[in-house]
Amino acid sequence: MKNKVSARAHTNIALIKYWGKQDPDLIIPYNNSLSLTLEHFYTDTTVTFDDTLSEDTFFLNDQRINDKKVVHFLDIVRDKAQKNVFAKVESTNHVPTSAGLASSASAYAALALAASSAIGLQLTKRELSRLARRGSGSASRSIFGGLVEWEKGHNDEDSFAVPIEENVTWDIQMIAIMINSHEKEIDSRSGMQHSVDTSPFYHDWVKTTEQDLIDMKDAISKRDLAKVGQIAENNAMKMHATTLSANPSFTYFNPDSIRAMDAVKNLRKSGITCYFTMDAGPNVKIICSKAETPYILNKLSPLFGADNLLVAKPGPGATII
Ligand code: 2P0
């Protein structure tokens, strides 16, 4: 058997964050999350299952990498297909190298689609979302385009993403402010577990996020950009509060992240509809309209450098290429 399939998946940025697992092995989260898939950043992955191979190999941007997570993921795919065959995986991340946005979301969504197709499984999008989730939680959402909700569920069968609005036709997009980090960041997997284990605010994070999700879906249905931005910004800061309140504490903010958040608040004071969100790294993403993007870029370029501002509009779900 030799079978080769290539797939593309785009990364996503959560407006309601996923931060913490009830089941770390199956990747079942404590709360539902909701994201926007972005056109600008994506991963292309080719998987070749070949019964002449004697081990799995993984190449990222043409460099051979030993990655136990990828092998573990391929084991899950082999188990589902009941086939014992090794694979060559070749991935290319289409994100600016210094962006720090290279995301496990696009990586595992592309791998789930390419690997399942190459081994001969014909999965529905829901099954693909469940499979991608086993690689990385946020990857469950990148199977779909546009606005997507990951329903936490309780087990492997009922924890998957569903599209809220696959084809986003109203005026919402993001600007990523690239911020250099000189320090080694705590990866999101161990960061979220440390918040779960030690933050006294973790329970309140989960509880208040349930209401945030209801409010967010209402704001989306009304295409109310300001409301979407307000809820997303507040939700992100509550997530980060569980890192600051962990013991020992940690943070993804650096001085430039705080400078960027202040700049967004100042733009808001001057009447621009823009809000920020942050993930497990120092970059700040602005939620704004396409219409006001040129003005925002103009104001932020002198502060952060035009090259460090990347515009990202809503993007599509995972596809075979
Ligand atoms: C999110 N993040 O909702 C949140 C917000 C980062 C901050 O999902 O352990 O790489 O592989 O399931 O998906 C990043 O965490 O974690 C993430 P795993 P993942 O986008």
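Definitions and cut-offs
- Residues numbered from 1 in each chain as written.
- Predicted model: local features only at pLDDT ≥ 70, side-chain atom pairs only at ≥ 80, totals over all residues.
- Heavy atoms only, no water.
- UniProt positions renumbered as here; feature names shortened; annotations may be inferred.
- Helix = DSSP H or I, 4+ residues; strand = E, 2+ residues; numbered from the N terminus.
- Buried < 20%, exposed > 50% of the residue type's maximum accessible area, 1.4 Å probe, protein only.
- Pairing = 2+ DSSP bridges.
- Domains from an automatic or database assignment.
- Contact = heavy atoms within 4.5 Å.
- Buried area = accessible area lost by both parts, 1.4 Å probe.
- Salt bridge = Lys/Arg side-chain N within 4 Å of Asp/Glu carboxyl O.
- Polar contact = N/O pair within 3.5 Å; in protein donor to acceptor, adjacent residues only side chain to side chain.
- Axes fitted to C-alpha atoms, helices over the stretch in contact; angles between N-to-C directions.
- Parallel < 35°, antiparallel > 145°, perpendicular 65-115°, else oblique.
- Left-handed = near helix turned anticlockwise from the far one by under 90°.
- Nonpolar A, V, L, I, M, F, W, Y, C, P; charged D, E, K, R; others polar.

S.K.: Could you clarify how one ought to interpret the UniProt feature "domain: Mvd1 C-terminal" (unreviewed entry) in the protein chain in this entry?
M.R.: The sites that carry the UniProt feature "domain: Mvd1 C-terminal" (unreviewed entry) are, in the present numbering, residues 176–306. Span residues 176–306 is 60% helix and 8% strand, its end C-alpha atoms 11 Å apart.

S.K.: Could you clarify how one ought to interpret the pairing of strand E7 (residues 87–94) in this entry?
M.R.: Two faces make up the sheet, and in a regular strand the side chains alternate between them. Residues Ala87, Val89, Ser91 and Asn93 point to one face of E7 and are all buried, whereas Lys88, Glu90, Thr92 and His94, pointing to the other face, are not buried. Alignment of strand E4 (residues 33–50) against E7, held across eight bridges, turns out to be antiparallel. When the sheet's bridge partners are listed, threonine 43 is paired in E7 with asparagine 93. Pairing analysis gives four bridges linking strand E5 (residues 57–60) to E7, with the strands arranged parallel. Note on E7: the bridge partner recorded for phenylalanine 59 is glutamate 90.

S.K.: Looking at this structure, how should I read the domain arrangement of the protein chain?
M.R.: For interface size, the figure often reported is the accessible area lost on association. Taken as a whole, the protein chain is organised into domain 1 (2–169) and domain 2 (173–311). Between the C-alpha centres of domain 1 and domain 2 the distance comes to 24 Å. Between domain 1 and domain 2, the contact holds 31 residues from the first and 39 residues from the second. Across the domain 1 to domain 2 interface the summed buried area is about 2800 Å²; carbon plus sulfur atoms make up 68%. Contact with domain 2 buries area across many residues of domain 1, yet Leu15, Lys17 and Trp19 alone supply 32% of it, more than any other trio. One salt bridge connects lysine 217 with glutamate 149, and the closest N-O pair in it is separated by 2.6 Å. Counting across the interface, domain 1 meets domain 2 through ten residue pairs in polar contact (both at pLDDT 80 or more). Listed by contribution, the elements that provide at least two residues to the side of domain 1 that touches domain 2 are strand E1 (2–16), E4, strand E8 (147–151) and strand E9 (160–165).

S.K.: So what exactly am I meant to see when it comes to the packing of helix H1 (residues 68–81) against helix H2 (residues 104–118) here?
M.R.: Two elements in contact, H1 and H2, have axes whose closest approach is 11 Å; the angle formed by their N-to-C orientations is 40 degrees. For the element pair H1 / H2, the angle class is oblique. Handedness of the H1/H2 crossing: right-handed. Residues Lys69, Val70, Phe73, Leu74 and Val77 of H1 pack against Tyr108, Leu111, Ala112, Ala115 and Ser116 of H2. When the residues that make up the contact of H1 with H2 are grouped by side-chain class, the tally is eight nonpolar, one polar and one charged.

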